[in-house]
Amino acid sequence: AKQSGRNQAHFFTAAMQEHANQRMTLEQDLRHALERNQLEVYYQPIIAGKSGRVQGLEALLRWHHPERGLIPPDQFIPMAEETGLIGSIGEWVLETACEQVQQFYAAGHELYLSVNISERQRDLGLDADAVASVLKHHQLDPSRLILEITEGLLLQDSQETVAWLQGFKGLGISLAIDDFGTGYSSLSYLKRFPVDTLKIDREFIRDLNSDRYADSLVSAIISMAASLELRLIAEGVETEKQRLTLIGQGCNYMQGYLFCPPLPADKLTHWLSSYQP
Ligand code: C2E
Ligand code: CA
Ligand code: CA
Ligand code: CA
């Protein structure tokens, strides 16, 4: 038994070592992803559920890894945050999306642009001045931009965070709280932070009509958003039934595979020009 115990310990060490090596390799690869043109911004339409009209686009990052293929953001954004690489990557996403959205405008699609930002970017130089200069460079009106931040950031509830967000508000940029409902949501912070929009996490939309907890949570969020005069977007709408339920409850804006998945810019241009609400 002693012998096998030692072997097992040895086995685990090797597996852990292997895991650590893989992680380090991926981290090394991520350091070069930008300069090697392996990153791409996809765009997903945000739709007015009743009319079916496209209102805006959310920019969603993708990494084309030469050996591993397409790596979803959940698998490398946390690493980018830990290493600080999110600073340059996030800046690149904003630049790229602002440039691209001008081309959608030129093709006659007057949509707003929604960009995810990480709280780590605050300490990495992303402030109102930096965003203002990107907008100016691409001649994009600040009222056309929404920055999406996850709920976690607001829970820290620091003066610095409020000031940081106020800076964006001051430019005329809108702010959305992403993945709303997943954190320890407290109504009090909604008053303190200058937010305009809540995005209901897709976890709750997925369970709509099948889980009574999800149903009552969604309807509570909908009535709260209405009384606070916040715009509401439901994420991850995949079925017609979900669309109708949301409209019935008073949530008009939605995003999901029912309408369109995130697409590369050229495919989205094609989708936009052939789409009929
Ligand atoms: P998120 O901001 O909550 O983005 C929505 C996610 O839901 C996207 O995953 C999108 O592809 C997916 N989605 C959209 N419609 C549906 C649907 O109908 N069904 C299902 N099952 N999923 C749907 P994605 O693109 O993998 O992004 C994952 C997360 O990575 C994002 O979650 C966001 O938090 C983060 N992320 C993506 N791009 C960036 C970025 O440029 N910067 C930062 N900081 N984070 C980003
Ligand atoms: Ca988002
Ligand atoms: Ca979300
Ligand atoms: Ca999410």
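Residues numbered from 1 in each chain as written. Chains lettered and ligands numbered in written order. Predicted model: local features only at pLDDT ≥ 70, side-chain atom pairs only at ≥ 80, totals over all residues. Heavy atoms only, no water.

A.B. asks: Would you take a moment to explain helix α12 (residues 265-274) for this structure?
C.D. replies: In an α-helix, one turn spans 3.6 residues, which is why side chains three or four residues apart end up on the same side. Those residues of α12 that fall on the buried side of the exposure criterion are Ala265, Leu268, Trp271 and Leu272. For α12, the buried positions fall inside an angular range of 115° around the axis, keeping them on one side. Within α12, the exposed residues directed more than 90 degrees away from the buried face are Asp266, Lys267, His270 and Ser273. (Buried < 20%, exposed > 50% of the residue type's maximum accessible area, 1.4 Å probe, protein only. Helix = DSSP H or I, 4+ residues; strand = E, 2+ residues; numbered from the N terminus. Arc of directions from axis to C-beta.)

A.B. asks: Explanation requested: the coordination of the calcium ion (ligand 4) in the structure shown.
C.D. replies: Around a metal, the idealised angle for a tetrahedral arrangement of four donor atoms is 109.5 degrees; for an octahedral arrangement of six donor atoms it is 90 or 180 degrees. The coordination sphere of the calcium ion (ligand 4), as far as protein atoms go, consists of Asp179 (OD) and Asp179 (OD), spread over 2.9 Å. Here the calcium ion (ligand 4) and the calcium ion (ligand 3) are spaced 3.7 Å apart, with Asp179 acting as a shared donor. With respect to the element layout, Asp179 can be found in strand β6 (residues 174-180). (Donors = N, O, S within 2.8 Å, 3.2 Å for Na, K, Ca; no water.)

A.B. asks: Teacher, can you tell me more about the pairing of strand β1 (residues 39-48) here?
C.D. replies: Within a regular strand, side chains alternate between the sheet's two faces. Most of β1 sits inside the fold, with nine of its ten residues counted as buried. Bridge count between β1 and strand β2 (residues 54-65): nine bridges; the pairing is antiparallel. Residue pairing in the sheet places Tyr42 in a bridge with Leu60 of β2. Taking the residues that link successive antiparallel strands as the turn, the β1-β2 hairpin has five residues, and the phi of Gly52 there is positive, at about 80°. Two elements, β1 and strand β10 (residues 263-264), share two bridges in a ladder whose sense is antiparallel. (Pairing = 2+ DSSP bridges.)

A.B. asks: What is the right way to look at the site of ligand 1 in this model?
C.D. replies: With respect to spatial proximity, 22 residues lie near ligand 1, and among them Arg62, Asp178, Arg202, Glu238 and Tyr257 are the closest. Contacts to ligand 1 include Arg202, whose side-chain N or O atom sits 2.6 Å from an oxygen atom. Contact distances for ligand 1 include 2.7 Å between an oxygen atom and a backbone N or O atom of Tyr257. The protein chains hide 87% of the 810 Å² of surface that ligand 1 would expose on its own. Top element by residues in the shell around ligand 1 is β2. It accounts for four residues. (Near = heavy atom within 4 Å. Polar contact = N/O pair within 3.5 Å; in protein donor to acceptor, adjacent residues only side chain to side chain. Areas by Shrake-Rupley, 256 points an atom, 1.4 Å probe, with all protein chains shown as cover.)

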